[in-house]
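A structural walkthrough
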Amino acid sequence: MKSPKERIVETTFELFAKQGYNSTGINQIISEAEVAKASFYQYFKSKEDLCVEFLKVRHEYWFNEFNNFLSKEKDPKSKTTKAFDFLVYMNKKENFRGCSFLNILSEIPMDNIKILSAIQSHKADLRNFFLELLSDDTLSDHIYMLFESSIIESQLFKSNELIEKSKKIATNLIQ
C-alpha cells in the first residue's frame, strides 16, 4: 500500500502529464489521490512545493532509468549513442509525453525561483553527464543540445525520426 505522499506525487505526475501544471488544482489532486486535505497539507504547503517535490522525484526516476539503460555500455561513444536510444525507449514507455521539466517550464512565470531552480538543476545534471562522459565542453554541449532538441521535437511530432537523425549526427561528432 502506497503512502498518502506517494499517492499524491503519483497522481500529480498523471495529472500534470494529462492537463498541465496550471490546469491541475490541489483539490483535484487530493480527490484523485484519495487523501484527506489535511494529509496533503501535512506534506506540502502549496502547489508550488508539490511541484518541486514532483520534479525531485521525477529527476531521481529519470536518472535511474537513464543510468540503468546505459549500464552495459562501456565507452563514451556507445554510451552517447545509447543515450539517444533511451529517448526512443521513454517515448514508447510514456507515449511521447516529452520532458516533465520543460513542460512545466512553459507554464510557470520566470520569477518562480523554487520551480525554476529544480528545472535548472535537472538540466545541469544532464549537461554534466555528457561533459563527464566526453571530457570536451564544446562537444558535450553540442551533444546535450541535440539530445534536448530531440526530446522536444519527438514530443511535438509524436515521432522518433529526429532522435534517430540526432543519434547519427552525435555518432559522427564523436571520434
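Everything in this summary refers to the structure shown in the same document.

Parameters and conventions
- Residues numbered from 1 in each chain as written.
- Predicted model: local features only at pLDDT ≥ 70, side-chain atom pairs only at ≥ 80, totals over all residues.
- Heavy atoms only, no water.
- Helix = DSSP H or I, 4+ residues; strand = E, 2+ residues; numbered from the N terminus.
- Buried < 20%, exposed > 50% of the residue type's maximum accessible area, 1.4 Å probe, protein only.
- Contact = heavy atoms within 4.5 Å.
- Disulfide = S-S within 2.5 Å.
- Phe/Tyr/Trp six-rings, centres within 6.5 Å; stacked < 30°, edge-to-face > 60°.
- Lys NZ or Arg CZ within 6 Å of the ring centre and 35° of its normal.
- Salt bridge = Lys/Arg side-chain N within 4 Å of Asp/Glu carboxyl O.

1. Quick look at the overall build of the chain
Of regular secondary structure, the chain possesses 9 helices and 0 strands. Its helices and strands in sequence order give the chain the pattern α-α-α-α-α-α-α-α-α, from N to C terminus. With respect to the three principal axes, the spread of C-alpha positions in the chain is 55 × 30 × 30 Å. Across the 175 residues that make up the chain, the buried fraction comes to 44%. Taking the contacts inside the chain whose residues are at least 6 apart along the sequence as the reference set, 66% of them involve residues at least 24 apart.

2. Observations regarding the state of the cysteines
Under the criterion given, the structure shown has 0 disulfides. Between C51, a cysteine without a disulfide, and C99, which holds the nearest cysteine sulfur, the sulfur-to-sulfur distance is 12 Å. Assessed through its relative accessible area of 9%, C99 is described here as buried.

3. Section: the packing of aromatic side chains
Inspection of every chain in the model, using the stated rule, returns 20 aromatic pairs. Pairing F16 with F54 gives two aromatic rings, centres 5.4 Å apart and planes at 85°, and the pair type is edge-to-face. Of the two residues, F16 sits in helix α1 (residues 4-19) while F54 sits in helix α4 (residues 47-70), which places them 38 residues apart along the sequence. Pair check on accessibility: F16 and F54 agree, each one buried. Pairwise contacts between aromatic rings join W62, F63, F66, F69, F84, F86, Y89, F129, F130 and F147 into one cluster. A cation over an aromatic ring shows up here: K47 above the ring of Y21, its NZ or CZ 4.4 Å from the ring centre. Here K82 stacks its cationic end above the ring of F69, 4.8 Å away from the centre of that ring.

4. Some details on the pattern of salt bridges
Across all of its chains, the model carries 11 salt bridges by this definition. Notably, a salt bridge pairs D49 with K114, separated by 2.6 Å at the nearest N-O pair. Taken together, the residues span a long stretch of sequence, with D49 in helix α4 and K114 in helix α7 (residues 113-134) at a distance of 65 residues. Of the residues examined, D49 reaches a relative accessible area of 18% and is grouped as buried. When the shortest N-O distance is used, the salt bridge between K165 and E161 registers 3.2 Å. Taken together, the positions of K165 and E161, both in helix α9 (residues 161-173) and 4 residues apart, correspond to about one turn of that helix. Of the residues examined, K165 reaches a relative accessible area of 44% and is grouped as partly exposed. By relative accessible area, E161 is classed as partly exposed at 47%.

Shape descriptors only; they carry no functional weight alone.
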